[in-house]
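# Understanding the architecture of this molecule
These are the residues of each chain, in order.
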Amino acid sequence: MNNILIIFLVYQVLAYLAFSNLLIKAGRKSWEAVIPFYNIYVLLKVVNRPWWWVFLFYIPIVNNIMFIVLWYELLVVYGKKSTTNVIITILTVGLYFIVLNYDKNIKYIGHNDGKPKGALEWVNAILFAVVAATIIRTFAFEAYTIPTGSMEESMMIGDFLFVSKMHYGTRLPMTPLALPLLHDKIPFLGTKSYSEALKLPYIKLPKFTSIKNNDIVVFNWPADADDIPIDKKMNYIKRCIGIPGDTVSMINQQVFIDSDTAYLPKTANPQYSYYVKIKTEYWPLTKKDIDYLKEQYDIKYLSQQQQTDNDRGEVFVAGNQILAMFISNNALDEFSKEAFVEDVIPIQHDKGDITEDDYKRRYNNPNDPVVRDRNVLFPEVNFSTFDESINWTVDNFGPIYVPKKGVSITLTPENINTYKRVIEYYEGNELEIVGADKFIINGEETNVYTPQMDYYWMMGDNRHNSQDSRFWGFVPENHIVGRPAFIWMSFDKHAKGFKKIRTDRVFTFAHTDGKRVSYFWHFIAIVVLYTIGSKLYKRKKAKVTNG
């Protein structure tokens, strides 16, 4: 906060150096250049722009555009709008006005008729379209595309969503020095679209609702590189399984919350992996069979050439007449009755049975399959001492308590690795572990920690093809982006012709407890009726005028 105050004061000094004399030549007072907020109002008067634009200069990210607009218009009204001056002004982040401010030959000429015309008018129109889009994207809704299959079949690869940032409370930008309408990279260049010269603390506007169990949530991926600002980390979408204060566990693929069975909403259609044995007379599957899998069950059998990093398909050859594939719960019974299917065997990752004696023989061998498989799961295991969580798998884990703001957690050798990242990285404390059971936080020995934020446990509906909290742990509240609101388009790149558009998903609400209903044809009908009505109205109006 002190850094922000220093930057603010430096800005006022620079504003005086850049505009004090220029204001005098425009008939204003030099002292007006140094008064915070008021100086922006005065400069807008100089360029003949509405007073309410002042507010746009104090909206993060939007203000970057507004300063460019103001700089350009100032160059125009002082007769310095050459391309060279524009480029120098932008490259020096407006500091070029300090040079112009002490130019004795500069004159205030204003706009020819009091209003911007020609190219300037077009530039302003484009910039304000960007301003409007940026405000909507930053504070209200952001377009989002489902890139991976971790939420299939609840959220499909190729779904285009509008994500509401207002539902859970809009998070103000934490890195305000950024290019508008870009997340973290500049297209084609691959370079950062933001600067970390100025960072703002986590501030959230009032929310409409809290995150509830089973909500689908968009958030910044906590496991992204630690040196990336929170609001620039990669966006993920998962289902919230555990909210603050819940105790989450999974036994044989069934999730439990506080020991009670957790049920998914009716629109959720989770997938699991299975071994499918194909009857001899149908092996290997023909192209017709593969097309049938896609047509009937939306199961993608992709060739190696068709596979991408985000979409590797849902069928893999696991042996002679054996396929490994992801099948949704809704399709399992019908699929099992297909003529080409001999047997369907669930792939289940049973809880391990490693004893302490077994563990001592294994832990110092990083190539041991138990050590290797457990290394990818949360929480991190201290391989020098035995821990029951060594036997956890993606289908059997827990119980894990989800931290809740203000509710103290008793730290033990068994759970310290579960909450270590919460204490150190997410909440910025210094943690020292001495021996097995001595914990020192910020220089004081304690066995209790009270979280300063709420946390969430997120999982994908495609349970065997999802990188989620089972692998990287809790999602802090300051990583929450918003709630998927509406699917406006759904595109299946593996389908053919008009079937590429999933019309049953277009114009549907992302959150619903009942059957998913598409309003696509309703929308088409409204557009057609509006078009016909408009033409009839114009024709009638023309007759009245001519009559």
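Our subject is the structure listed above.
Described in the following lines is the structure provided in the data block. (Residues numbered from 1 in each chain as written. Predicted model: local features only at pLDDT ≥ 70, side-chain atom pairs only at ≥ 80, totals over all residues. Heavy atoms only, no water.)

Looking only at helices and strands, the protein features 13 helices and 21 strands. Taken over 547 residues, the protein has a buried fraction of 45%. If you sum the accessible surface of the protein, you get close to 29,300 Å²; carbon and sulfur atoms cover 59% of it. (Helix = DSSP H or I, 4+ residues; strand = E, 2+ residues; numbered from the N terminus. Buried < 20%, exposed > 50% of the residue type's maximum accessible area, 1.4 Å probe, protein only. Areas by Shrake-Rupley, 256 points an atom, 1.4 Å probe, with all protein chains shown as cover.)

Here we come to the pattern of salt bridges. Inspection of every chain in the model, using the stated rule, returns 19 salt bridges. Residue arginine 502 is joined to aspartate 492 by a salt bridge in which the shortest nitrogen-to-oxygen separation is 3.9 Å. Within this pair, whereas arginine 502 is found in the loop between strand S20 (480-490) and strand S21 (508-509), its partner aspartate 492 is found in the loop between S20 and S21, the two being separated by ten residues in sequence. Each member of the pair, arginine 502 as well as aspartate 492, carries the same accessibility label: buried. The network of salt bridges with common partners includes Asp159, Lys294, Asp492, Arg502 and Arg505. (Salt bridge = Lys/Arg side-chain N within 4 Å of Asp/Glu carboxyl O.)

Here we take up the sheet that holds strand S9 (residues 315-319). Here we have four strands laid out as an open sheet, ordered S9-S10-S8-S11, and antiparallel in their pairing. If you trace the sheet from one side to the other, it starts and ends with S9 and strand S11 (341-346), each paired once. Sheet twist, expressed as the mean angle between neighbouring strand axes with direction ignored, is 35°. Here seven bridges tie strand S8 (residues 271-278) to strand S10 (residues 322-328), and the two strands are oriented antiparallel to one another. By the bridge assignment, tyrosine 275 is partnered in S10 with alanine 324. Packed on one face of the sheet, helix H8 (residues 329-336) meets S8, S10 and S11 and runs near 135° to S10. (Pairing = 2+ DSSP bridges. Axes fitted to C-alpha atoms, helices over the stretch in contact; angles between N-to-C directions. Contact = heavy atoms within 4.5 Å.)

Right, let's get into empty space enclosed by the protein. Here the structure, examined in full by the defined rule, presents five cavities of 30 Å³ or more. Around the largest cavity, the lining is made up of 17 residues, and of these Arg137, Glu142, Lys165, Arg171 and Asp231 lie nearest the centre. When residues of the lining of the largest cavity are traced back to their parent elements, those giving at least two are helix H6 (118-139) and S20. Classifying every residue of the lining of the largest cavity by side-chain character gives six nonpolar, five polar and six charged. (1 Å grid on protein atoms, 1.4 Å probe; cavity = no way out; pocket = protein on both sides within 12 Å on 5 of 7 lines; lining within 4 Å. Points joined across faces, edges and corners; volume = space filled by probe spheres on them. Nonpolar A, V, L, I, M, F, W, Y, C, P; charged D, E, K, R; others polar.)

With that out of the way, let us pick up unusual backbone geometry. Note the cis peptide between tryptophan 283 and proline 284, where omega equals -5°. Examined against the element boundaries, proline 284 turns out to sit in the loop between S8 and helix H7 (287-297). Proline 379 follows phenylalanine 378 through a cis peptide bond whose omega is -5°. By secondary structure assignment, the location of proline 379 is in the loop between helix H10 (369-375) and strand S12 (397-401). A positive phi angle, close to 50°, is found at valine 93, a residue other than glycine. Mapped onto the elements, valine 93 comes out in the loop between helix H4 (83-91) and helix H5 (96-101). Residue classification places valine 93 among the exposed positions, given a relative accessible area of 59%. In this structure, serine 259 is a non-glycine residue whose phi angle is positive, near 75°. Tracing the sequence through the fold places serine 259 in the loop between strand S6 (254-257) and strand S7 (260-261).

It is worth spelling out the layout of surface pockets at this point. A water-sized probe, rolled over the atoms, reveals where empty space remains. Looking at the largest pocket, its volume works out to about 1,600 Å³. Mapped by element, the contributors of at least two residues to the lining of the largest pocket are helix H1 (2-25), helix H2 (38-46) and helix H3 (62-77). At ten residues, H1 tops the list of elements feeding residues into the lining of the largest pocket. Of the residues assigned to the lining of the largest pocket, the class counts are 40 nonpolar, seven polar and one charged. Counted as a void, the second largest pocket has a volume near 1,100 Å³. The set of elements that each furnish at least two residues to the lining of the second largest pocket consists of H7 and H8. The dominant element in the lining of the second largest pocket, judged by the number of residues it contributes, is H7, at six residues. In terms of residue class, the lining of the second largest pocket is made up of ten nonpolar, seven polar and 17 charged.

This part is about the environment of tryptophan 488. If you trace the backbone, tryptophan 488 turns up in strand S20. Classification of tryptophan 488 as partly exposed rests on a relative accessible area of 32%. When the C-alpha atoms of tryptophan 488 and tyrosine 519 are compared, they prove to be 9.6 Å apart, with 31 residues separating the residues in sequence. The contacts of tryptophan 488, once residues within four sequence positions are left out, are Phe160, Leu161, Phe162, Val506 and Phe507.

In the contact formed by H3 and H4, the axes pass within 10 Å of each other and the chain directions differ by 145°. Crossing handedness for the pair H3 and H4: right-handed. In contact with Trp71, Tyr72 and Leu75 of H3, H4 contributes Asn85, Val86, Thr89 and Ile90. Within the contact of H3 with H4, the residues separate by chemical class into five nonpolar, two polar and no charged. (Left-handed = near helix turned anticlockwise from the far one by under 90°.)

So, about the pairing of strand S3 (residues 216-220). Along S3, five of the five residues are buried, which leaves the element largely enclosed by surrounding structure. The side-chain alternation of S3 yields two buried faces, one formed by Ile216, Val218 and Asn220 and the other by Val217 and Phe219. Two strands pair when backbone bridges link them, and S3 and strand S4 (residues 235-242) are joined in this way by five bridges, in the antiparallel orientation. Across the sheet, residue isoleucine 216 finds its bridge partner in S4, namely arginine 239.

Turning to the sheet that holds strand S5 (residues 247-251), a few remarks are in order. Spatial strand order, S7-S6-S5-S12: four strands in an open sheet with antiparallel pairing. Looking at the sheet topology across the chains shown, the edges are occupied by S7 and S12. Note: S6 against S7, two bridges, orientation antiparallel. In the strand pairing of S7, isoleucine 257 is matched with aspartate 260.

It is worth spelling out H3 at this point. Here H3 contains 16 residues, and its C-alpha end-to-end distance of 23 Å stays within 8% of the 22 Å for a straight helix at 1.5 Å per residue. Burial of H3 is extensive: 13 of the 16 residues sit out of reach of the surface. Where H3 terminates, the next one or two residues include glycine 79, which has phi positive at roughly 65°. (Expected span 1.5 Å × (residues − 1).)

Within H7, burial applies to Asp289, Leu293, Lys294 and Tyr297. Buried residues of H7, viewed axially, fall in a sector of 140°; they line one side. Residues of H7 that are exposed and angled more than 90 degrees away from the buried face: Lys287, Lys288 and Glu295. Taken together, the buried residues of H7 touch H8. Aspartate 298 lies just past H7 and shows a positive phi near 55°. (Arc of directions from axis to C-beta.)

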